[in-house]
Amino acid sequence: MKAIVQDRYGPPETLTLADVDTPVPAADEVLVRVEAAALNAYDWHAMRGDPRMARLAMGRSKPRARIRGRDFAGRVEAVGADVRQVRPGDAVFGDLGEANGAFAEYVCLPETLVAPKPANLTPQQAAALPLAGVTALMGLRDAGRVEPGQHVLVNGASGGVGTLAVQLAKAFGATVTAVCSTRNVDLIRSLGADHVVDYTRDDFSHGPRRHDVVFDLVGNRSLTALRRALTPTGTLVLSGGGVYRGGSLLGPVLLLARGQLLAPFVRQRIVRLDTTPGRQHLDTLRAHAEAGRLTPVIDRTYPLHEVPQAIRYLEGEHARAKVVITI
């Protein structure tokens, strides 16, 4: 099969289209013919081994996972002997997690990491949901504990996670303030945001509103600024993010660590978001999508052989919402 492979850390030029063996599913695994795959900030972090501290987990000298990509949608080609919830021919979507491998014609993964594709979404839209959608869902529902009537601010509202977070926060009954650049104001309003802050003109941390939950998806503001946007007992959810700026040792990890150190000493809750892929989260996203409460926004699509160009666009050009690969 064709796949995008990488044998050393580096820029998009280190990614190549190559022929590799088609995986064979184990007893608890599913083989999926990929129709679409989506890019995430995770992909350029893994490609470059950035921040360098993350290489302790991803592989010190080169990536442990040779094929890039996490999110996908496609049709089940074959199943292992112990698989019970999906059958060949089923339309599914999922997240391979740190195993990677979605930028390929086929993926093989445990049954627990796939779910039926939302019936009203195209494969491209469904591929855009898993990692970004689970991040938005867990950030708001689990870490933020958002309740109806609360005020939620999303910093980085025009990104892949942000566009989904705005929609989910509205679905949870919150009043939503979204932070984005001038060119994305109309898009974010169309997704249901009650208030939009153009960060090129205004500083949300000095605005008149205080929020019950601030969901930070950029990592470009200090803890002081982020906390200033909160109510005295509000919740700050930190989730890293950002674009490539030439490499770093710690990257967003430094802000996350500072938040954890400060958390025990302040009234406001400061939560570092950790996400876990899995079918139950995908099922929740599917329910919101099929009910019309959640629609992925796709900025651009690229064919499989243009993954290097797609990642270069994602890591440096402030992509609006999701970038998707068609296969």
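Use the structure listed above.
The sections below set out a description of the structure shown in this document. (Residues numbered from 1 in each chain as written. Predicted model: local features only at pLDDT ≥ 70, side-chain atom pairs only at ≥ 80, totals over all residues. Heavy atoms only, no water.)

## Looking at the overall build of the protein
Selection criterion: Counting from the N terminus, the helices are DSSP H or I runs at least four residues long and the strands are E runs at least two residues long. Radius of gyration here is computed from C-alpha atoms only, and the compact-globule reference equals 2.2 Å multiplied by the residue count raised to the power 0.38. For each residue, the accessible area found with a 1.4 Å probe, counting protein chains only, is set against the maximum for its type, and the residue is called buried under 20%, exposed over 50%, and partly exposed in between.
A count of helical and extended segments in the protein gives 10 helices and 15 strands. The C-alpha radius of gyration computed for the protein amounts to 19 Å, which stays within 12% of the reference 20 Å derived for 327 residues, consistent with globular compactness. In terms of principal-axis extent, the alpha carbons of the protein reach across some 55 × 45 × 40 Å. By residue count, 55% of the 327 residues in the protein fall in the buried class.

## Some words on unusual backbone geometry
In this model, asparagine 100 sits at a positive phi of 60 degrees, which is unusual for a non-glycine residue. With respect to the helices and strands, asparagine 100 occurs in the loop between strand 5 (91-95) and strand 6 (106-110). Note on asparagine 100: relative accessible area 6%, which makes it buried. With a phi angle near 55 degrees, arginine 145 is a residue other than glycine that sits in the positive phi range. Its location among the elements puts arginine 145 in the loop between helix 4 (130-143) and strand 8 (151-155).

## Considering the packing of helix 4 against helix 9 (residues 279-290)
Rules: Where helices are involved, their axes are fitted lines through C-alpha atoms of the stretch in contact, as for all axes, and angles between N-to-C directions lie from 0 to 180°. Orientation labels follow simple angle bins: below 35 degrees gives roughly parallel, above 145 gives roughly antiparallel, 65 to 115 gives roughly perpendicular, and whatever is left gives oblique. Whether two residues are in contact is decided by their heavy atoms, any of which lying within 4.5 Å being enough. Each residue is assigned to one of three groups, with Ala, Val, Leu, Ile, Met, Phe, Trp, Tyr, Cys and Pro labelled nonpolar, Asp, Glu, Lys and Arg labelled charged, and all others, Gly among them, labelled polar.
Where helix 4 contacts helix 9, the axes come no closer than 10 Å and their chain directions differ by 90 degrees. The orientation of helix 4 relative to helix 9 falls into the category roughly perpendicular. The segment helix 4 lies against helix 9, with Pro130, Gly133, Val134, Leu137, Met138 and Arg141 engaging His281, Leu282, Thr284 and Leu285. Each residue belonging to the contact of helix 4 with helix 9 can be placed in one class, and the counts come to 6 nonpolar, 3 polar and 1 charged.

## Comments concerning the pattern of salt bridges
Here is the rule: The term salt bridge refers to a pairing of a side-chain nitrogen on Lys or Arg with a carboxyl oxygen on Asp or Glu at a separation within 4 Å.
Under the criterion given, the structure shown has 12 salt bridges. In this structure, arginine 141 and aspartate 142 form a salt bridge, with 2.7 Å as the shortest nitrogen-oxygen distance. A relative accessible area of 31% places arginine 141 in the partly exposed class. Bridged by salt links that share partners, the residues Arg279, Asp283 and Arg286 form one connected network.

## Thoughts on the packing of helix 4 against helix 5 (residues 160-171)
The following threshold applies: The hand of a helix crossing depends on one turn: near helix anticlockwise from the far one by less than a right angle means left-handed, and clockwise means right-handed.
The interhelical angle for the contact between helix 4 and helix 5, taken along N-to-C directions, is 45 degrees, at an axis separation of 8 Å. By the angle between their axes, helix 4 is oblique relative to helix 5. Considering only the axes of helix 4 and helix 5, their crossing is right-handed. Packed against helix 4, whose contacting residues are Ala132, Gly133, Thr135, Ala136, Leu137 and Leu140, the element helix 5 presents Gly160, Val161, Leu164, Ala165, Leu168 and Ala169 at the interface.

## Notes on the sheet that holds strand 10 (residues 195-198)
Using the following cut-off: Strand pairing is assigned whenever DSSP identifies at least 2 bridges connecting the two strands.
The sheet built from 6 strands is open, its strands ordered 10-9-8-11-12-13 with parallel pairing. Both edges of this open sheet fall to strand 10 and strand 13 (269-272), since each of them pairs with a single strand only. For this sheet, the mean angle separating the axes of adjacent strands, direction not counted, is 15 degrees. Packed on one face of the sheet, helix 4 meets strand 8, strand 11 (211-216), strand 12 (230-238) and strand 13 and runs near 150 degrees to strand 11.

## Structural notes on the pairing of strand 10
Formally: When the strands point away from the viewer, a crossover counts as right-handed if the route from the first strand across the helix to the second turns clockwise.
Relative to strand 10, strand 9 (residues 175-180) is paired through 4 bridges, and the arrangement is parallel. In the strand pairing of strand 10, threonine 177 is matched with histidine 195. Following the backbone out of strand 9, through helix 6 (residues 185-190) and into the adjacent parallel strand 10, one traces a crossover that is right-handed.

## Things to note about the packing of aromatic side chains
Stated precisely, the cut-off is as follows: The aromatic pairing rule takes the rings of Phe, Tyr and Trp, using the six-membered ring of Trp, and pairs them if the centres are within 6.5 Å, calling planes under 30 degrees apart stacked, those over 60 edge-to-face and the rest tilted. The rule for a charge over a ring is simple: NZ of Lys or CZ of Arg within 6 Å of the ring centre, and within 35 degrees of the ring normal.
Counted under the stated rule, the structure contains 0 aromatic pairs. One residue, arginine 300, lies across the ring of tyrosine 313, its end atom 3.8 Å from the ring centre.

## A few points about helix 1 (residues 41-48)
Of all 8 residues that make up helix 1, 7 are buried, and the element is covered over most of its length. Listed in full, the buried residues belonging to helix 1 are Tyr42, Asp43, Trp44, His45, Ala46, Met47 and Arg48. Following helix 1 by one or two positions, glycine 49 adopts a phi angle in the positive range, close to 65 degrees.

## Concerning helix 4
Burial of helix 4 is extensive: 12 of the 14 residues sit out of reach of the surface. Taken together, the buried positions of helix 4 are Pro130, Leu131, Ala132, Gly133, Val134, Thr135, Ala136, Leu137, Met138, Gly139, Leu140 and Ala143. Just downstream of helix 4 lies arginine 145, where phi reads positive at about 55 degrees.

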